[in-house]
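Examination of the molecular architecture
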Amino acid sequence: MSRLFIKFLLFELAVIPTVVLIFKSVSDRIVAGAMAGTVFVAIGAWIFISGLRDVKIRRSPTFVMACVHLFGVALPMMITRLLNQSIAFQEVKIWGLPGPAFHSLSTGVYFVLLAATLLDAVRHWRKSAAAKN
């Protein structure tokens with residue numbers, strides 16, 4: 001189990017430079033946003049689907065935060081942005097917040113997801129190490 005949380009954590013960490021690279025290498029902001037959004041949705045969906053398959057994951061802080069990330073932040077931002085391509089991001093409203101404010105909120109949610117996954121990885125690693133002794 002701890003290996004899966006470590007895999008989640010490694011992929012969550014890899015998302016950060018991947019998204020930075022996307023925005024540096026793709027000149028069209030809408031295309032870059034769609035690509036980055038897809039990456040964020042994919043990591044959330046992977047954890048969500050894993051949780052549906054395994055009750056131990058479903059009871060973890062990682063799963064809870066992945067649900068908040070996926071359904072509360074990543075999908076709403078991506079869908080809203082794609083439906084409002086002609087409007088400047090500063091003027092787009094997501095859950096009633098201006099785009100930049102919602103983006104800041106989403107960054108915070110993502111870092112809480114990272115912290116939850118780190119906590120779960122350490123907790124499960126300790127549990128498995130104690131069981132071996």
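As shown above, the structure is provided for reference.
Below, the structure is looked at part by part. (Residues numbered from 1 in each chain as written. Predicted model: local features only at pLDDT ≥ 70, side-chain atom pairs only at ≥ 80, totals over all residues. Heavy atoms only, no water.)

Attention shifts here to the overall build of the protein chain. Check the secondary structure of the protein chain and you find 5 helices and 2 strands. The 133 residues of the protein chain split such that 35% are buried. Carbon together with sulfur atoms contributes 68% to the accessible area of the protein chain, which is approximately 8000 Å² in total. With 14 positive and 5 negative side-chain charges, the protein chain shows a separation of 11 Å between the mean positions of the two kinds. (Helix = DSSP H or I, 4+ residues; strand = E, 2+ residues; numbered from the N terminus. Buried < 20%, exposed > 50% of the residue type's maximum accessible area, 1.4 Å probe, protein only. Areas by Shrake-Rupley, 256 points an atom, 1.4 Å probe, with all protein chains shown as cover. Lys, Arg positive; Asp, Glu negative; His and termini not counted. Charge placed at Lys NZ, Arg CZ, Asp CG, Glu CD.)

One water molecule sets the probe size; rolling that probe over the atoms shows where empty space is left. Approximately 790 Å³ is the volume attributed to the largest pocket. F23, A36, F40, M77 and H103 are, among the 25 residues lining the largest pocket, the residues nearest its centre. Residue assignment for the lining of the largest pocket shows that the elements contributing at least two residues are α1 (2-25), α2 (29-53), α4 (61-83) and α5 (99-132). Taken together, the residues of the lining of the largest pocket break down into 17 nonpolar, 6 polar and 2 charged. (1 Å grid on protein atoms, 1.4 Å probe; cavity = no way out; pocket = protein on both sides within 12 Å on 5 of 7 lines; lining within 4 Å. Points joined across faces, edges and corners; volume = space filled by probe spheres on them. Nonpolar A, V, L, I, M, F, W, Y, C, P; charged D, E, K, R; others polar.)

We now examine the side chain of T62. Secondary-structure assignment places T62 in helix α4. Sequence-distant contacts of T62, that is, excluding residues within four places in its chain, are made with F5, F8, E12, I47, L113, A116, T117 and D120. (Contact = heavy atoms within 4.5 Å.)

Our focus in this paragraph is α1. The first and last C-alpha atoms of α1 sit 35 Å apart over 24 residues, in line with the 34 Å expected at 1.5 Å per residue. By the burial criterion, the buried members of α1 are S2, F5, F8, L9, E12, V15, V19 and I22. Those residues of α1 hidden inside the fold are in contact with α2, α3 (55-58), α4 and α5. (Expected span 1.5 Å × (residues − 1).)

To continue, consider α2. Here α2 is 25 residues long and its end C-alpha atoms lie 36 Å apart, about the 36 Å a rise of 1.5 Å per residue gives. All buried positions along α2 are accounted for by A32, A36, G37, V41, I43, G44, I47, S50 and G51. Elements that come into contact with the buried residues of α2 comprise α1, α3, α4 and α5.

Turning next to the environment of C67. On the secondary structure map, C67 appears in helix α4. C67 sits 51 residues away from I16 along the chain, and the two C-alpha atoms are 19 Å apart. If we skip the residues at most four places from it in the chain, C67 touches F48 and G72.

This part is about a nonpolar patch on the surface. Nonpolar side chains collect at one region of the surface, where I6, L10, L13, I16, V20 and F111 lie side by side and expose about 520 Å² of accessible area between them. Residue position: V20 is located in helix α1. Exposure remark for V20: the relative accessible area of 43% places this residue in the partly exposed category. (Patch = residues over 30% accessible without salt bridge, like charges linked within 9 Å, V, L, I, M, F, W, Y side chains within 5 Å. Salt bridge = Lys/Arg side-chain N within 4 Å of Asp/Glu carboxyl O.)

Turning next to the packing of α2 against α4. Two elements in contact, α2 and α4, have axes whose closest approach is 9 Å; the angle formed by their N-to-C orientations is 150°. Between α2 and α4, the angle falls in the class roughly antiparallel. Helix-helix and strand crossings are classified by hand; for α2 and α4 the assignment is left-handed. Within the contact of α2 with α4, the residues separate by chemical class into 18 nonpolar, 6 polar and 1 charged. (Axes fitted to C-alpha atoms, helices over the stretch in contact; angles between N-to-C directions. Parallel < 35°, antiparallel > 145°, perpendicular 65-115°, else oblique. Left-handed = near helix turned anticlockwise from the far one by under 90°.)

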